[in-house]
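# Results of the structural survey
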Amino acid sequence: MTAWLHGVFSAHRRWIAVIASIGLVGLAAGCAPAGSAVVPEPGAAMPAGASSAEGAREGISAGSALPNGATRPAAIQGVDPRMEPLVDSVLALMTIEEKVGQLTQSSASEVSTGPRVSAADRADIRAGKVGSFLGSYGAERTRELQRVAVEESRLGIPLLFAHDVIHGFRTIFPVPLAEAASFDPDAVERAARIAATEAAANGVQWTFAPMVDIARDPRWGRIVEGSGEDPYLGSVMAAAKVRGFQGTDLADTLTILATAKHFVAYGAAEGGRDYNTAEVSERTLREIYLPPFHAAVRAGAGSVMAGFDDLDGVPMHSNERLIDGLLRGEWGWDGILVSDYTGVMELIKHRVAADSTSAALLAINAGVDVDMMSGIYLHEIPRLVSEHQLSEAVVDSAVRRVLRAKYRLGLYRDPYRYSSAAREKALTLTPAHRAVARQLARESIVLLRNEGHVLPLRKDIGVLAVIGPLADDSASALGSWSAAGRPEDAVTVADGLRRAVTPDTRILRARGTSIDGSDTSGIAEAVRVARQADAVVMVLGEERDMSGEARDRAFIGLPGEQLRLAKAVQATGKPVVVVLINGRPLATPWLAEHVPAIVESWYLGVEMGGAVADVLFGDYNPGGKLPVTVPRAVGQVPIYYNHKSTGRPPSQSDRYTSKYIDIPWTPLYPFGYGASYTTFEYGEPRLSATEIRPSDSLVVTVGVTNSGSREGDEVVQLYVRDDAASVTRPVKELRGFRRIALQPGETRMVNFTITANDLAFHDRAMRRVVEPGTFTVYVGTSSDSTREVHFRVLGDVTAVPDTGTSR
């Protein structure tokens, strides 16, 4: 049969014959009709597998048991065993060079017109030297590249097209840090579902998202790409994004392969400097940095990307203990492990590899399947195998994982299923998609301050001054990593305000100063404009190129002379609202003390201006909460809510405790904080029992009342503290949240369920256990505004399997 298969693999039209020959017709992952998925309209029910914030507490679906007690991730549950004969048959035909080609990702050359393929790319594809392309998209372009692979290469194996679809493809949603501020995993999942729909319609099958790195240092530019500082919130959001990108079945034409990145502890880079080393204890690794990856894997993530960092002296691209040992062995995951951009090559600069030969050997043996952009596998692995320095079985295992992904995506049945010009036109930047983007943008806004009820503003205000360099910056509205997004698609803050006010309102505009620079010549004009106005909206912060990869900042206040501008405008005595646009927490203590109203808007995407106007004019009551702690000064960094208490906790009355002598030790704004135009009152939390055993569950119930005069959203937060343990534990840890909407005067009873998984930690022997003793439960509106209640765990020390986020 092998010789016969060799003949039929040369063209796409013969793939069906191949599949039929081994009994797979109608069973391949690609058998769902092309275009069968429908993106839900705003307000429609989520696809199967979606969950609310409380639903997220009820369990990320578990899989079949593994010998070590772990569970298989959803992506490989119920794998059709008849897939393997197809993969085996393809593998049997491949030369070592073609195998390594499947493990090579490169960037297709740009050509001057449309779908043309350069001679160099055509030659590489024909020779089987590339298995996936980075950054190529568009129905026509990907179809032509795929045609060359399927009809002109020896084996006709389809290509994968990968792109950084981080927070939207063409319809750009809020950046991930802002999405996390929504505390609404349903909305985040839906945004990812739309991003996948648009990307898939434009020929993309594989995204390098979600980034699930925990970030405790706002100097680090890539904090903008993740969900902030908390492993629980990060885990819930990681699972939501994976479900959104991959749906319930990768065979659906409008799903794409998700990639959890950057494995692991990349966000712990020393000094907040990208690509830097990370020094993390094994306990911190397992309790802070690994949980979001575990949640992503359990949600079915088909791919994981290695980080640029080294951990305990071992660069992640050569870390066999964590890749093949923990990720694949302990967790039972079997997806594609892809390098970061030239990450394999960088083992040489890490100085653990003397040359490219050593780098290739280290990476492939560690379990890195796909080499992105360095070309080292292509040039080194065939020789390493021929010289018996590398087992071909190691290469085969990596190739199998790539071929399985292509199978699950349906590319064997129809390599062109992602390249439909009609679907591309119909499903890109639709009004329905923009409506979802606007709603998520509104939910992501955090009201930091509203002294004197300056907000909301009146739409019929006589004169409104809009001041600041970012008010009409459409590119910055999109934020970093905006895929195929275009600045002209975005509604700026200035445009949003203009559209919202009545025809009789005059809007005066002044830039004031540059975003980052020493030019103050425009401040006088800004002051003149402010004095003419009935109210002032100042739009300040960072342009988008100040956040993201390699965009670290040692100073995390307002860049340039923006603070001087703010002081001059505030001195006019006019009612002032500051809208912050940024990709990291900004240390702005002067604003917090002197400006009456401050709105944290982040980068909100194509509907930024409309969402900000909705909040400023009261059409939407802000309910977002901070997913990160905001410091008063960079000298407090790293600062995070779930810290240890130390032997000398901070105390105002005792000099010899853990604090500063020049500023308070407390943050400017705590994790989970966010104000509202209404007020919420919490009742006394009630427990279903005051004593439990580790095998029991405990229900916490709290009544929340909207005691104000406006409808509003509140994020009810549940924290737990182990009062005394065999190792030091955080002062509190987030273990649940629920975003609820309440009418004025309405009270809702909110329930949370605590299980052993919420109480477990790694003891001195690194066993994951629940220890008997007392625990404190905190329920409230932020990490430092809660009501508490206590319970006791009875019995003996009990081992608890690491099943990932239990919600």
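Residues numbered from 1 in each chain as written. Predicted model: local features only at pLDDT ≥ 70, side-chain atom pairs only at ≥ 80, totals over all residues. Heavy atoms only, no water.

## Things to note about the overall build of the protein
The test is simple: Numbering of helices and strands runs from the N terminus, with a helix taken as a DSSP run of H or I at least four residues long and a strand as a DSSP run of E at least two residues long. Relative accessible area decides the class of each residue, using a 1.4 Å probe on protein chains only: under 20% of the type maximum gives buried, over 50% gives exposed, and in between gives partly exposed. Contacts were defined at the residue level, with two residues in contact if any of their heavy atoms lie within 4.5 Å. Accessible surface area values rest on a Shrake-Rupley calculation with a 1.4 Å probe, where residue burial reflects the displayed protein chains alone.
Counting its regular elements, the protein contains 26 helices and 28 strands. By residue count, 62% of the 807 residues in the protein fall in the buried class. For the protein, long-range pairs separated by at least 24 residues make up 80% of all intrachain contacts whose partners lie at least 6 apart in sequence. Total accessible area on the protein stands at roughly 28,000 Å², and carbon and sulfur atoms take up 49% of it.

## Structural notes on the sheet that holds strand S1 (residues 104-106)
Pairing between the strands of a sheet is mediated by backbone hydrogen bonds and can be parallel or antiparallel. What counts, and what does not: Pairing between two strands requires that DSSP report at least two bridges joining them.
Taken in spatial order, the five strands line up as S4-S3-S2-S1-S10 in an open sheet, and their pairing is parallel. In the strand order of this sheet, the two ends are held by strand S4 (206-207) and strand S10 (371-372), each with one partner. Sheet topology note: the strand S3 (residues 160-163)/S4 ladder contains two bridges and is parallel. Directly across from His163, in S4, lies its bridge partner Thr207.

## Details of the nonpolar core
In plain terms, the rule: Nine residue types can take part in a nonpolar core, namely buried Ala, Val, Leu, Ile, Met, Phe, Trp, Tyr and Cys, and a core is a set of them joined through side-chain atoms within 4.5 Å.
Core analysis: the largest hydrophobic core is formed by 98 residues, its most contacted members being Phe263, Val264 and Tyr377. No other element matches the seven residues that helix H17 (residues 392-408) contributes to this core. The contact partners of Val264, leaving out residues within four places of it in the chain, are Leu285, Tyr289, Leu290, Phe293, Asp309, Leu311, Met316 and Leu322. Counting residues in each nonpolar core, the second largest holds 93 residues, with Ala181, Met211, Phe308 and Leu558 among its members.

## A closer look at the confidence of the model for the protein
Spelled out, the test is: The predictor attaches a confidence to each residue, called pLDDT, with possible values from 0 through 100.
Residues of the protein with pLDDT of at least 70 account for 89%, and the chain-wide mean is 91. In the predicted structure, residues 1-78 sits below a pLDDT of 50 and forms 191 contacts with residues beyond four places in sequence or in another chain.

## Structural notes on the sheet that holds strand S22 (residues 733-742)
Judged by pairing direction, the sheet is mixed, and its five strands sit side by side in the order S19-S27-S26-S21-S22 without closing on themselves. Among the strands making up the open sheet, the edge pair consists of strand S19 (691-692) and S22. In terms of strand pairing, strand S21 (residues 712-722) meets strand S26 (residues 773-782) through six bridges, oriented antiparallel. The residue of S26 that forms the bridge with Val720 is Val777.

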